[in-house]
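As a plain string of letters, each chain reads:
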Amino acid sequence: MRHFKTFVLFLMIVSSQMAGQEKKLSSEERLEWFRDAKLGIFIHWGYYGVNGIGESWSMYHKSISYEDYMDQGKEFTAENYNPQEWARLFKKIGARYAVLTTKHHDGVALWDTRLSKLNVKEKTPAKSDLVAPFVTALRKENLKVGLYFSLCDWSHPDYNVVFPRPDTKKDYPQKNQKELSSWERFIRFYKGQLKEINDKFHPDLYWFDGDWEKSSEQWQAQSLKDSLLKWNPNAIVNSRLKSYGDYSTPEQGVPIVRPEGAWEFCMTMNDNWGYYPSDTNYKPKSQIIRTFVEVIASGGNLLLNIGPKPDGTIAEEQKERLLALGEWINKHNTAVFDSKAGLPAGHYYGPTLISKDNKKVYLCLFDTPQNYISLRGIQNKVRSIKVVGSVQELSFERNGGAVWNNIPGILRIEVPEIKNMDIYVTILEVELEDELKLYRGHGNAVELN
Ligand code: GLC
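Residues numbered from 1 in each chain as written. Predicted model: local features only at pLDDT ≥ 70, side-chain atom pairs only at ≥ 80, totals over all residues. Heavy atoms only, no water.

Q: Describe the site of the ligand, and please don't skip the residues or the numbers.
A: Around the ligand, 14 residues are found, and the nearest of them are His-44, Glu-55, Trp-57, His-104 and Glu-251. The separation between an oxygen atom of the ligand and a polar side-chain atom of His-104 is 2.8 Å. Contact between the ligand and Asp-209: an oxygen atom at 3.1 Å from a side-chain N or O atom of the residue. Summarising the interface, the protein chains cover 92% of the accessible area of the ligand, which totals 310 Å² for the free molecule. Taken together, the residues that form the shell around the ligand break down as seven nonpolar, three polar and four charged. (Near = heavy atom within 4 Å. Polar contact = N/O pair within 3.5 Å; in protein donor to acceptor, adjacent residues only side chain to side chain. Areas by Shrake-Rupley, 256 points an atom, 1.4 Å probe, with all protein chains shown as cover. Nonpolar A, V, L, I, M, F, W, Y, C, P; charged D, E, K, R; others polar.)

As structure tokens, this is what we get:
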């Protein structure tokens, strides 16, 4: 009997451990929606839009005093904030997720955190939590919710900064924490804020920033990642939690070499993240659309930034660019969403995409070609070549190669009529008879004629 009881107890322990294991998803499983998302919208919304200055960094670089920076809060009204409208716009243009700055390095929280008084509910005419309605609006449109959180907090009294700062203790009430060191207090604080964010908003994606200021051990990055996954086993984390991220986040410069693993390229529309009206150096729509194409052709997502005004509206220049990208995406919807990273270099001069079933190759044309378009090293028979978004079917001819030796020649494709060329990026859909087979040879001698 005793043996039997011990055996039952053993079975219970093993099965509870197995149940625990079942819940733990691999990073690939958690990344499933992200790998397919293609477009996300980054939103830098904060006090800095009031004076139209650099987000947080203007304090760091001492171009504004701490007091004057925080004074901007008095005009952060959010009076025309309409997150449903934002979410509808994002959905309409083909975005699958958005990432909002819940707290930048300045320490100002956009939600009504109980852990500091430095939040928009306490300090601004907005007088309410601005994150909650954003999360609700995104979910209503079936968009994934990303929340940006800066690990560093340049207002917290236990966090050292390089610029002059008054005593901020009154904004960070700390009860019964006298026995802790200042860093232990800070860790407790920032992890507490993340627990609040998790409990209130259950984000699909944690977008960290500022990790460069401390070491992995100091941030307790590993235990934080474990906690995030314990709270929400489906969550994903960007690469700015030291080495504990699930995907990489190159910023501003499009990668030249295709990054390994899942990745996301974040980019401003002008030269600043927040609302900065004197910065009129906007990228033309053509550049934004080309960049989007280059990124998805290399298997990444574009996280395109907007910086709403302090009243919550989106500047015309930014809206126009979102809409132009959206119009282009909608016209080329299948090529964008039913695809993955394209051909390796050498087969085509320009970005390409491959359909998920491997039976189509999409060729992207940035400029109007001369004479013919060439595609090389395709072993398959080609069924048809069409200009996406038009009815034009293109003629093609295979030339050169040695079929009996499995060396395919060049496919010479007719140039589309000018009226069928898209003003930004034209896409040709090459439909194959069967799954893509590439010739990757170095060019061997034909020994058998
Ligand atoms: C950099 C900047 C930060 C900005 C972020 C966006 O880390 O320091 O201000 O929010 O990029 O990726």
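That covers the picture; the talk isn't over yet.
Q: Pulling in residues and values, what's your account of the domain arrangement of the protein?
A: Split into domains, the protein comes out as domain 1 (25-331) and domain 2 (340-432). Opposite the 15 residues of domain 1 that make contact, domain 2 presents 17 residues. Buried surface at the junction of domain 1 and domain 2, both sides included, amounts to about 1,300 Å², of which 62% is carbon and sulfur. For the domain 1 face of the interface with domain 2, the top three residues by lost area are Arg-290, Trp-328 and Lys-331, together amounting to 41%. Our count for the contact surface shared by domain 1 and domain 2 stands at three salt bridges. Linking Lys-356 and Asp-36 is a salt bridge whose minimum nitrogen-to-oxygen distance equals 2.9 Å. (Domains from an automatic or database assignment. Contact = heavy atoms within 4.5 Å. Buried area = accessible area lost by both parts, 1.4 Å probe. Salt bridge = Lys/Arg side-chain N within 4 Å of Asp/Glu carboxyl O.)

Q: Describe in detail the pairing of strand S1 (residues 39-43), supporting the description with residues and values.
A: Burial of S1 is extensive: five of the five residues sit out of reach of the surface. Residue alternation in S1 divides its side chains into two sets, Leu-39, Ile-41 and Ile-43 and Gly-40 and Phe-42, and both sets are buried. Of the pairings in the sheet, the one linking S1 to strand S7 (residues 301-306) comprises five bridges and is parallel in character. Looking at the pairing, Leu-39 lines up with Leu-302 of S7. Here four bridges tie S1 to strand S2 (residues 97-103), and the two strands are oriented parallel to one another. Following the sheet pairing, Gly-40 is matched in S2 by Tyr-97. (Buried < 20%, exposed > 50% of the residue type's maximum accessible area, 1.4 Å probe, protein only. Helix = DSSP H or I, 4+ residues; strand = E, 2+ residues; numbered from the N terminus. Pairing = 2+ DSSP bridges.)

Q: Go over the packing of helix H10 (residues 182-201) against helix H12 (residues 221-231) with me, naming the residues and quoting the values.
A: Where H10 meets H12, the closest approach of the two axes is 11 Å, and the angle between their N-to-C directions is 20°. Regarding the angle of H10 to H12, the classification is roughly parallel. Like other packed secondary-structure pairs, H10 and H12 cross with a definite hand, here right-handed. Residues Tyr-190, Lys-191, Leu-194, Lys-195 and Asn-198 of H10 pack against Ser-223, Leu-224 and Trp-231 of H12. A per-class count over the contact of H10 with H12 returns four nonpolar, two polar and two charged. (Axes fitted to C-alpha atoms, helices over the stretch in contact; angles between N-to-C directions. Parallel < 35°, antiparallel > 145°, perpendicular 65-115°, else oblique. Left-handed = near helix turned anticlockwise from the far one by under 90°.)

Q: Pulling in residues and values, what's your account of the pattern of salt bridges?
A: Taken as a whole and judged by the stated rule, the model has 21 salt bridges. The residue Asp-209 makes a salt bridge to Arg-240 at a minimum N-O spacing of 3.1 Å. Of the two residues, Asp-209 is situated in strand S4 (residues 205-209) and Arg-240 in the loop between strand S5 (236-237) and strand S6 (264-267); the sequence distance between them amounts to 31 residues. Residue classification places Arg-240 among the buried residues on the basis of a relative accessible area of 12%.

Q: Can you lay out the sheet that holds strand S14 (residues 410-413) for me, pointing to particular residues and giving the numbers?
A: Hydrogen bonding along the main chain pairs the strands of a sheet, whether they run parallel or antiparallel. One open sheet holds the three strands; their spatial order is S11-S14-S13, and the pairing between them is antiparallel. The open sheet has two edge strands, strand S11 (373-376) and strand S13 (396-399), and neither has a second partner. Between one strand axis and the next, the sheet turns by 25° as a mean value, whatever way the strands run. In terms of strand pairing, S11 meets S14 through four bridges, oriented antiparallel. What sits directly across from Ile-373, in S14, is Ile-413.

Q: Could you give an account of unusual backbone geometry, with specific residues and numbers?
A: Here the phi dihedral of Lys-38 falls at roughly 70°; this positive angle occurs in a residue that is not glycine. Within the secondary structure, Lys-38 sits in the loop between helix H3 (32-35) and S1. On the basis of relative accessible area, Lys-38 is assigned to the buried category, the value being 3%. The phi torsion at Gln-252 lies on the positive side, around 65°, for a residue other than glycine. Along the chain, Gln-252 turns up in the loop between S5 and S6. The exposure class assigned to Gln-252 is partly exposed, which follows from its relative accessible area of 34%.

Q: So what about the packing of aromatic side chains? Which residues, and what values?
A: Per the stated rule, a full pass over the model turns up 31 aromatic pairs. On the basis of an interplanar angle of 75° and a centroid distance of 6.3 Å, the ring pair of Trp-154 and Phe-163 is categorised as edge-to-face. Taking relative accessible area as the criterion, Phe-163 reaches 6% and is therefore assigned buried. The residue whose ring lies beneath Arg-96 is Phe-337, and the NZ or CZ to ring-centre distance is 3.9 Å. Seen from the ring of Tyr-372, Arg-412 lies directly overhead, with NZ or CZ sitting 5.8 Å from the centre. (Phe/Tyr/Trp six-rings, centres within 6.5 Å; stacked < 30°, edge-to-face > 60°. Lys NZ or Arg CZ within 6 Å of the ring centre and 35° of its normal.)

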